[in-house]
Amino acid sequence: MFLLTYFPFRQIRKLLFLVVTVAVFPGLNARTSLQLGDSTGLAGNTIDVPLNLFTGDVVSGAQIDLYADPAVATIATVTGSLAGAGHIVDSEDLGEGKTRVVVYSPNNSSLFSNILIDLQIVLKSTIEENERSVIVESVKLADESAGFVNTALVPHATFSGPDSSVVYKMGDEVSASSVAFDTNESVDRVEFLVDGWPVVSDTEPPYEMIFPLHYFGNVTLSARAVDNDGNMFESTTEDYVVTFPPTLADWLDVFFTPGEQSDPNIGALLADIDLDNQATLMEYAMGLHPRRRDGPRESGFFQDGQTGVYQFGYLRPVGVTDILYTLQVSNDMETWSAL
């Protein structure tokens, strides 16, 4: 049986630092996102293409310029009965495959955060798999006191993951996919996230990847689209349950090959491959990722307002029998006593 001594104070500072750094996403400075549905289909068929425009601003109207390759498809009609109470959806053929859609209110009433427009598209010929026949060239919004102005758009991403009713084991490989796009087809990549950490990415549609689950307990999976300008959009998350490996040997097999486990600098119990001052044995005991500098996923140190008692809590694997957990306290950071 191994004896584990855990010093929580250093980890608390580290955890707070991590929270600050991962909560800031550079480039996410726009509040408007656009989602365009699939526009592929068989020759001669009429298909509905949903278009959703989400904005955090309260606006009185929207102007959306669409383009459909005349050799592939034509936009027959544009309707938007769900665009907003009292609002009108109108469209104008600008020629050469371009169509302008305008959503407006005769009395300048506000249009709220969700605009839904249904596009009716008649395809003239077949198109290649995964190739879209309709793109959005530009989006402009208007408020009550100004005309239409260009709005910066972030890309959009949806997430489709594995069966969330299944209980998975740490190390299990799962598959996930995402539909992601930008107004000018400038999606650089789609990242798949586990508990907010990007684990794999795909640069070519259809965006789909297979990756292992390296965290235990209640975890979330999601997708994040990143465009060529660095703007990001993260999908909604889905919740999953992942169990911890039953033994240390099983846990080591999740993160290290047999050769790495025999290397004292990589997978040995006293190694520290991620240089976070936590040996591999400590990473196992706390259920951390031995190849990533992260602190306890849930941790807290606080004083009870009524009793004055200081409390410290953290998340660790349940059912681990080969580790003895001992908390220690110190007044001078040199002499420690077990609690």
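Everything below is about the structure shown above.
The structure displayed is predicted, hence computed values, not measured ones. (Residues numbered from 1 in each chain as written. Predicted model: local features only at pLDDT ≥ 70, side-chain atom pairs only at ≥ 80, totals over all residues. Heavy atoms only, no water.)

(A) The overall build of the protein, seen in detail. When helices and strands are tallied, the protein shows 4 helices and 25 strands. The buried share among the 339 residues of the protein stands at 40%. Within the protein, contacts between residues at least 6 apart in sequence are counted, and of these 64% link residues at least 24 apart. Surface exposure of the protein reaches about 17,800 Å², of which carbon and sulfur atoms provide 53%. (Helix = DSSP H or I, 4+ residues; strand = E, 2+ residues; numbered from the N terminus. Buried < 20%, exposed > 50% of the residue type's maximum accessible area, 1.4 Å probe, protein only. Contact = heavy atoms within 4.5 Å. Areas by Shrake-Rupley, 256 points an atom, 1.4 Å probe, with all protein chains shown as cover.)

(B) Main features of the pairing of strand β17 (residues 197–202). Summarising the sheet, strand β16 (residues 187–194) and β17 pair through 5 bridges and their orientation is antiparallel. By the bridge assignment for β17, Val 194 is matched with Trp 197. Between β16 and β17, which pair antiparallel and follow one another directly, the connecting turn spans 2 residues, one of which, Asp 195, has a positive phi of 55°. (Pairing = 2+ DSSP bridges.)

(C) Here's a closer look at the packing of aromatic side chains. Under the defined criterion, the tally for this structure stands at 6 aromatic pairs. On the basis of an interplanar angle of 25° and a centroid distance of 6.2 Å, the ring pair of Phe 192 and Phe 211 is categorised as stacked. Of this pair, Phe 192 sits in strand β16 while Phe 211 sits in strand β18 (residues 207–212), and the two are 19 residues apart along the sequence. Owing to a relative accessible area of 0%, Phe 192 belongs among the buried residues under this scheme. Lying across the ring of Tyr 325, Arg 316 places its NZ or CZ 4.0 Å from the centre. (Phe/Tyr/Trp six-rings, centres within 6.5 Å; stacked < 30°, edge-to-face > 60°. Lys NZ or Arg CZ within 6 Å of the ring centre and 35° of its normal.)

(D) Region of interest: the nonpolar core. Of all hydrophobic cores here, the largest spans 34 residues; its most connected members are Val 190, Phe 211, Trp 251 and Tyr 284. Those elements giving two or more residues to this core turn out to be β14 (173–178), β16, β18, β19 (217–227), β21 (238–243), α2 (248–255), α4 (280–286) and β24 (323–329). When near neighbours in sequence (up to four residues on either side) are disregarded, Tyr 284 contacts Phe 244, Thr 247, Leu 248, Trp 251, Pro 317, Val 320, Asp 322 and Ile 323. Counting 24 residues, the second-largest nonpolar core is a separate cluster that includes Leu 36, Ala 62, Ile 64 and Leu 141. (Core = buried A, V, L, I, M, F, W, Y, C linked by side-chain atoms within 4.5 Å.)

(E) Seen up close, the pattern of salt bridges. Counted according to the given criterion, the structure contains 6 salt bridges. The partner of Arg 100 in a salt bridge is Asp 65, and the shortest N-O contact between them spans 2.7 Å. Of this pair, Arg 100 sits in strand β7 (residues 98–104) while Asp 65 sits in strand β4 (residues 61–68); the two residues are 35 residues apart in sequence, bridging distant segments of the chain. The exposure class assigned to Arg 100 is partly exposed, which follows from its relative accessible area of 27%. Among the residues examined, Asp 65 registers a relative accessible area of 11% and is labelled buried. Two residues, Arg 291 and Glu 260, come together in a salt bridge whose shortest N-O distance is 2.7 Å. Placement of Arg 291 in the loop between α4 and β22 (299–303) and of Glu 260 in helix α3 (residues 258–261) is noted, with a sequence separation of 31 residues between them. Under the relative-accessibility criterion, Glu 260 is labelled partly exposed at 21%. It is possible to trace a salt-bridge network through shared partners that takes in Asp 188, Arg 189, Glu 191 and Arg 224. (Salt bridge = Lys/Arg side-chain N within 4 Å of Asp/Glu carboxyl O.)

(F) Representation of the side chain of Asp 202 within the structure. Within the secondary structure, Asp 202 is located in strand β17. In this structure, Asp 202 is buried with no salt-bridge partner, the nearest side chain bearing the opposite charge being Arg 189 at 11 Å. Separated by 3.2 Å, the side chain of Asp 202 and the backbone nitrogen of Glu 208 make a polar contact. Apart from residues lying up to four places away in sequence, Asp 202 is in contact with Arg 189, Val 190, Tyr 207, Glu 208 and Met 209. (Lys, Arg positive; Asp, Glu negative; His and termini not counted. Polar contact = N/O pair within 3.5 Å; in protein donor to acceptor, adjacent residues only side chain to side chain.)

(G) Representation of unusual backbone geometry. The omega torsion across Pro 205 and Pro 206 is -5°, close enough to zero to call that bond cis. In this fold, Pro 206 is placed in the loop between β17 and β18. With a phi close to 55°, Asp 195 is a non-glycine residue in the positive phi region. Relative to the helices and strands, Asp 195 is located in the loop between β16 and β17. Unusually for a residue other than glycine, Met 333 sits at a positive phi of about 65°.

(H) Structural view of the environment of Arg 293. On the secondary structure map, Arg 293 appears in the loop between α4 and β22. Spatially, the C-alpha atoms of Arg 293 and Asp 274 are 6.0 Å apart, while their sequence positions differ by 19 residues. Of note is the side chain of Arg 293, whose polar atom sits 2.7 Å from the backbone oxygen of Asp 274. A polar side-chain atom of Arg 293 sits 3.5 Å from the main-chain carbonyl oxygen of Leu 275.

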